[in-house]
Amino acid sequence: SSVNLLKGSAIAVTLLATSASAQDVTLRGASMFDEDHAFTKTMREFERIVGEASGNSIAFDLRLNGELGVESDYVTFLNQGVAVDYTIMAPSNMATFAPSIPLMDMPFLFRDLEHWEAVLSSDAFAPLEAELLEAADIVILGYTGGGVRNLVSSVPIKNLEDLAGHRMRVMGAPIQAQVFQALTAAPSAIAYSEVYNAIQTGVIAGFENEAASIQNLKFYEVAPYVTLTGHTITVRPIVMSGTAFRALTPEQQEIVKAAGAQAGAFGRALESREDGTKLQEMVDAGQVQTLEFEGREKLLEMVTPVQDAYAAELGATELLEAVRAQ
Ligand code: X1X
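Residues numbered from 1 in each chain as written. Predicted model: local features only at pLDDT ≥ 70, side-chain atom pairs only at ≥ 80, totals over all residues. Heavy atoms only, no water.

Draft legend 1. Seen up close, the site of the ligand. Near the ligand there are 14 residues, and of these Glu 71, Arg 149, Arg 169, Tyr 192 and Glu 210 occur at the shortest range. Taking Tyr 192, its side chain carries an N or O atom lying 2.7 Å from an oxygen atom of the ligand. Separating an oxygen atom of the ligand from a side-chain N or O atom of Asn 209 is a distance of 3.2 Å. Burial of the ligand by the protein chains amounts to 100% of its free accessible area of 320 Å². Spatially, the ligand is embedded in the largest pocket. Residue composition of the shell around the ligand, by class: six nonpolar, three polar and five charged. (Near = heavy atom within 4 Å. Polar contact = N/O pair within 3.5 Å; in protein donor to acceptor, adjacent residues only side chain to side chain. Areas by Shrake-Rupley, 256 points an atom, 1.4 Å probe, with all protein chains shown as cover. 1 Å grid on protein atoms, 1.4 Å probe; cavity = no way out; pocket = protein on both sides within 12 Å on 5 of 7 lines; lining within 4 Å. Sits in = over half its atoms within 2 Å of the grid points. Nonpolar A, V, L, I, M, F, W, Y, C, P; charged D, E, K, R; others polar.)

Draft legend 2. Molecular detail of helix α7 (residues 174-182). Listed in full, the buried residues belonging to α7 are Ile 175, Gln 176, Val 179 and Phe 180. Within α7, the buried residues cover an arc of 130 degrees as seen down the axis, which keeps them to one side. Against the buried residues of α7 lie β4 (138-153), β5 (167-170), β6 (186-189), β7 (206-209), β8 (225-241) and α12 (296-314). (Buried < 20%, exposed > 50% of the residue type's maximum accessible area, 1.4 Å probe, protein only. Helix = DSSP H or I, 4+ residues; strand = E, 2+ residues; numbered from the N terminus. Arc of directions from axis to C-beta. Contact = heavy atoms within 4.5 Å.)

Draft legend 3. Representation of the packing of α12 against helix α13 (residues 317-325). Their axes nearest at 7 Å, the elements α12 and α13 cross at an angle of 135 degrees. The angle between the axes of α12 and α13 places the two elements in the oblique class. Across from Thr 304, Gln 307, Asp 308, Ala 311 and Ala 312 in α12, the residues of α13 making contact are Thr 317, Leu 320 and Arg 324. Of the residues contributing to the contact of α12 with α13, the split by class is three nonpolar, three polar and two charged. (Axes fitted to C-alpha atoms, helices over the stretch in contact; angles between N-to-C directions. Parallel < 35°, antiparallel > 145°, perpendicular 65-115°, else oblique.)

Draft legend 4. Spatial organisation of the side chain of Glu 45. Tracing the backbone shows Glu 45 in helix α2 (residues 38-53). Overall, the relative accessible area of 15% leaves Glu 45 in the buried class. In contact with Glu 45, not counting residues within four places along its chain, are Ala 263 and Phe 266.

Draft legend 5. Structural detail: the pattern of salt bridges. In the structure shown here, the tally under the stated rule is 17 salt bridges. Arg 28 is paired through a salt bridge with Asp 61; the nearest N and O atoms lie 3.6 Å apart. Here the residue Arg 28 occupies a position in strand β1 (residues 25-30), and Asp 61 occupies one in strand β2 (residues 58-63), the gap between them amounting to 33 residues. Residue classification places Asp 61 among the partly exposed positions, given a relative accessible area of 24%. Residues Glu 210 and Arg 149 are paired through a salt bridge, measuring 2.9 Å at the closest nitrogen-oxygen approach. With Glu 210 in the loop between β7 and α9 (211-216) and Arg 149 in strand β4, this residue pair connects regions lying 61 residues apart in the sequence. Side by side, Glu 210 and Arg 149 carry an identical accessibility label, which is buried. One salt-bridge network, in which partners are shared between bridges, spans Arg 28, Asp 61, Arg 63 and Glu 67. (Salt bridge = Lys/Arg side-chain N within 4 Å of Asp/Glu carboxyl O.)

What follows is the structure, given as structure tokens:
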């Protein structure tokens, strides 16, 4: 019997050794949303492509509905190589780890969808990717996004007069607060998970967001006025922790990179296509009322010096010029 026991443990060791050499790995992902949101659908597409290409040597465990927190939590996890291996993330939520990364999604960066797509299909952001890897140990695998961010408020905001002193939440990157300060609003950085409550209790009178997320998290319940400033077309990197990335074989690394690029293109087409439809669905359901912003053309003028100063401070003036020139 002791011989049998020994045999048993020898078999167990062999099995372990076999599975380790096959490099089977499970990656844990995080989404703040349910299956209906474009981010979740994009991560599902990423998983599908990787699964197929890797002969299912890479498996996935995607946690939805903010089970693992919000993006400002995810970025810390990715940086430390714990809890979350991959997700989709607003560059402005990574500011504390890499100050230059929020340049990617600063308001009024893109003229229109065509400009946005041209920049994202180029390698204009490569230096920012390198800095993120170096400073935060986070790998960008691809880019999704394509939602248009508007003001979302509990009170109607129709013009610059209404915007003056407007208490609104912005993402936690200094450039976000600086832009809305330049527009004379009163921005404060509040965690995404606190926004609904902060509006409901009157701590702030609104924030800014895109249709997919307003609808998915029902922000219209507390902030039914959507002012069509269209100040940002979102850029949302599909990211992986450096720790998780390095644990893959070189072949698996190539697979996740290719899948990130492909899933990103899928996600960009999806969210940009759905953006208008989702806004209209909320209008039709009586959940939101849209308002034009009188004098929108003045906003870009007010914000440009802030963008320039931010880029200059980072030594990224050339990069900003290159993006504008695309
Ligand atoms: O404003 C936020 O923090 C969030 O808004 C949307 O849900 C998404 O763009 C998400 O990436 C995050 O930025």
